[in-house]
Amino acid sequence: MSAPLTPPCTDTVELEKRHKRLERRVLRKLDLHVLPPLALLWLANFIDRTNVGNARIAGLERDTHLKGNQFNICLAIFYVSYIIVELPSNLVLKKMKPSRWLPLLVGLWGTVTTLSGLVHNFSGLLAIRFFLGFCEGGLLPGIMLYLSTIYKRHELQQRVGIFYASASLSGAFGGLLATAIIKMDGVGGLAGWRWIFILEGIATVAVAAISTLFLPADLESASFFTDEEREFALHRFRADHVIASSVPLSEPAQRITAGADPEKEGDVRTEIYAAQTDIVHQEHEKFEWREVMRGVRDPQLWFTAFSYMGIIISLYSFSLFLPTIVAGLGYKGGEAQLHTVPPYVPAVVLTVVVAFAADKLKWRGPFILIFLPISMIGYILAIVAKNNTQRYIAVFLIAAGIYPCGPCILSILPNNASPHYKRATVTALQLAISNCGGFVATFSYTPDQAPEYKRGHTITLAFVAMAWVFMALNVSYCLWENRARANGQRQDNLEKYQELWDTGKTRAPIGDRHPEFRFTL
């Protein structure tokens, strides 16, 4: 009779079960305290993007005496200040604390939005839009950097997908909200379009105040954790970043010193020293311009930024032509606004599904390469369409192909850039460069093209194709670099880093330069 199999160590099994229970508790608390406030902040952003268009329909151009392309100029000036502020905002985020800085930005732009209801001419609207960009530009790069400081690398996209999708779907109803507010036309002697800015601005300030109450500054100061949960949350996050946070300092393998004993003159003493590895956690990292420049020189920044530019042009222009297509189907007023919502529904569902799959498979770029062609097919259909029913079908394909790509591309650089200040730099610059697409989106779809918008669709299709090419380059670069590291071809990175440390040129951890660091595709 054979001896019974040895049972697994009970203590080890119990420890693993305890860790899993703790992890579920920690993630549940983080999700409940972080994601809803961020979704509200992002919702405020989405509504702000649509309110100026709704105000235009309600008489903004007429009452402010705008002529020619002055309205488009007011839209474009927003992106100038928006782009300028993104990098400085991310660099001060850690010092200012995300739980204060992000709601402060939203509160300021809510105030400026409210003041938009008081403008009377082109110069006033131009100034308001410029300052609005200054207040709003730091939000998205700040959110991405903030999430990367509290979630592990491959827990990130599903969180981005959830808040991104929920706010996008809610934002789709922004037109209905504007339709209701316009009915206040004449109340207090103010036009309906002025009430859109005033009420939505006040609501944005309220959202900012509520968010301040819930958002934790970081894992260490999160008041909703027990002491055990806080210790576990810090440990699991640091364990996920242990390679990137390391400071591998090599010592001479042997130090040879002359013996001090005169009776043993000429004798030699050999002392053995082990290689030393220190850790610099993100909360202890000091700002260095060297890390900023490392970010600027990173090929992934430029590949993903130009790819995201193509995606952004599609996203920003989407809301410009959708209402016109719906109006062409014969719907008016609130019914027309309601029919702008269905194309968002499958897009939002796909955004969440892809986000979970992306974290599971540790993929980002490959999903973008899969979904962008769906959007391209949608644009081709929109160009050749003979009626608005075909154009409405094309809109579903465009949305389904483009929306899942947003969280994918936003998660690439937070995953692949380290340490903190390099990550802050590339996250902000990716958005600063890609948001230049806002200028293209603003002028691609002009009223004289309605309802076909063939020129606008053709321009956007070209940029979506460009996005696919640059993402293919980024995936290829990551595959090539990971293969080189696996083959031991990046070991000299340790020597280069050691030289920088020895000469006092850096005190940042080695980050993504470490030969054992692997890029997420």
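Residues numbered from 1 in each chain as written. Predicted model: local features only at pLDDT ≥ 70, side-chain atom pairs only at ≥ 80, totals over all residues. Heavy atoms only, no water.

> Lay out the nonpolar core with the relevant residues and their values.
Counting residues in hydrophobic clusters, the biggest one holds 120 residues, and the most contacted among them are Leu147 and Ile311. Once residues lying within four places of it in the same chain are set aside, the contact partners of Leu147 are Val34, Leu38, Leu156, Val160 and Phe163. (Core = buried A, V, L, I, M, F, W, Y, C linked by side-chain atoms within 4.5 Å. Buried < 20%, exposed > 50% of the residue type's maximum accessible area, 1.4 Å probe, protein only. Contact = heavy atoms within 4.5 Å.)

> Talk me through the packing of aromatic side chains; I want residue IDs and the actual numbers.
If you walk through the whole model with that rule in mind, you get 23 aromatic pairs. Ring plane angle 25 degrees and centroid distance 5.7 Å describe the contact between Tyr79 and Tyr316, whose orientation is recorded as stacked. Note that Tyr79 is positioned in helix H3 (residues 70-96) and Tyr316 in helix H12 (residues 299-328), a separation of 237 residues in sequence. In this structure Tyr79 comes out as buried when scored by relative accessible area, which is 9%. For Tyr316, a relative accessible area of 17% corresponds to the buried category. Ring plane angle 50 degrees and centroid distance 6.0 Å describe the contact between Tyr477 and Trp480, whose orientation is recorded as tilted. With a gap of 3 residues between them, Tyr477 and Trp480 both fall in helix H20 (residues 454-486), about one helical turn apart. Put simply, the rings of Phe78, Tyr79, Tyr82, Tyr316 and Phe439 pair up and form one aromatic cluster. For the cation-ring pair, Arg490 lies above Trp480, with the distance from its terminal atom to the ring centre recorded as 5.2 Å. Cation over ring: Arg507 sits above Trp501, and NZ or CZ is 4.2 Å from the ring centre. (Phe/Tyr/Trp six-rings, centres within 6.5 Å; stacked < 30°, edge-to-face > 60°. Helix = DSSP H or I, 4+ residues; strand = E, 2+ residues; numbered from the N terminus. Lys NZ or Arg CZ within 6 Å of the ring centre and 35° of its normal.)

> I'd like a description of the pattern of salt bridges, backed by residues and values.
Tallying each qualifying case throughout the model produces 21 salt bridges. Glu452 is the salt-bridge partner of Arg391, the closest N and O atoms lying 4.0 Å from each other. Placement of Arg391 in helix H16 (residues 388-402) and of Glu452 in the loop between helix H19 (437-444) and H20 is noted, with a sequence separation of 61 residues between them. Take Arg391: its relative accessible area is 5%, and that puts it in the buried class. A salt bridge links Asp492 to Lys496; the shortest N-O distance between them is 3.6 Å. Here the residue Asp492 and the residue Lys496 both occupy positions in helix H21 (residues 492-502), the gap between them amounting to 4 residues, near one helical turn. (Salt bridge = Lys/Arg side-chain N within 4 Å of Asp/Glu carboxyl O.)

> Give me the packing of helix H4 (residues 98-116) against helix H6 (residues 139-147): which residues, what numbers.
Running from N to C, H4 and H6 point in directions that differ by 160 degrees, and their axes come no closer than 10 Å. The orientation of H4 relative to H6 falls into the category roughly antiparallel. Note on packing geometry: the crossing formed by H4 with H6 is left-handed. Of the residues in H6, those touching H4 at Pro98, Leu102, Leu105, Val106 and Trp109 are Leu139, Gly142, Ile143 and Tyr146. (Axes fitted to C-alpha atoms, helices over the stretch in contact; angles between N-to-C directions. Parallel < 35°, antiparallel > 145°, perpendicular 65-115°, else oblique. Left-handed = near helix turned anticlockwise from the far one by under 90°.)

> Please give an account of the confidence of the model for the protein chain that cites residues and values.
Looking at the protein chain, pLDDT values average 86 and 90% of them are 70 or higher. Within the model, pLDDT remains below 50 along residues 1-6, and this stretch shows 0 contacts once partners closer than five positions in the same chain are excluded. Confidence drops under pLDDT 50 across residues 252-274; counting only partners more than four residues distant or on other chains, this segment forms 22 contacts. (pLDDT = per-residue confidence, 0-100.)

> Before we move on, can you summarise the environment of Gly53 with the specific residues and values?
Along the chain, Gly53 falls in helix H1 (residues 10-57). Under the relative-accessibility criterion, Gly53 is labelled partly exposed at 29%. In sequence terms Gly53 and Ser307 are 254 residues apart; their C-alpha atoms lie 26 Å from each other.

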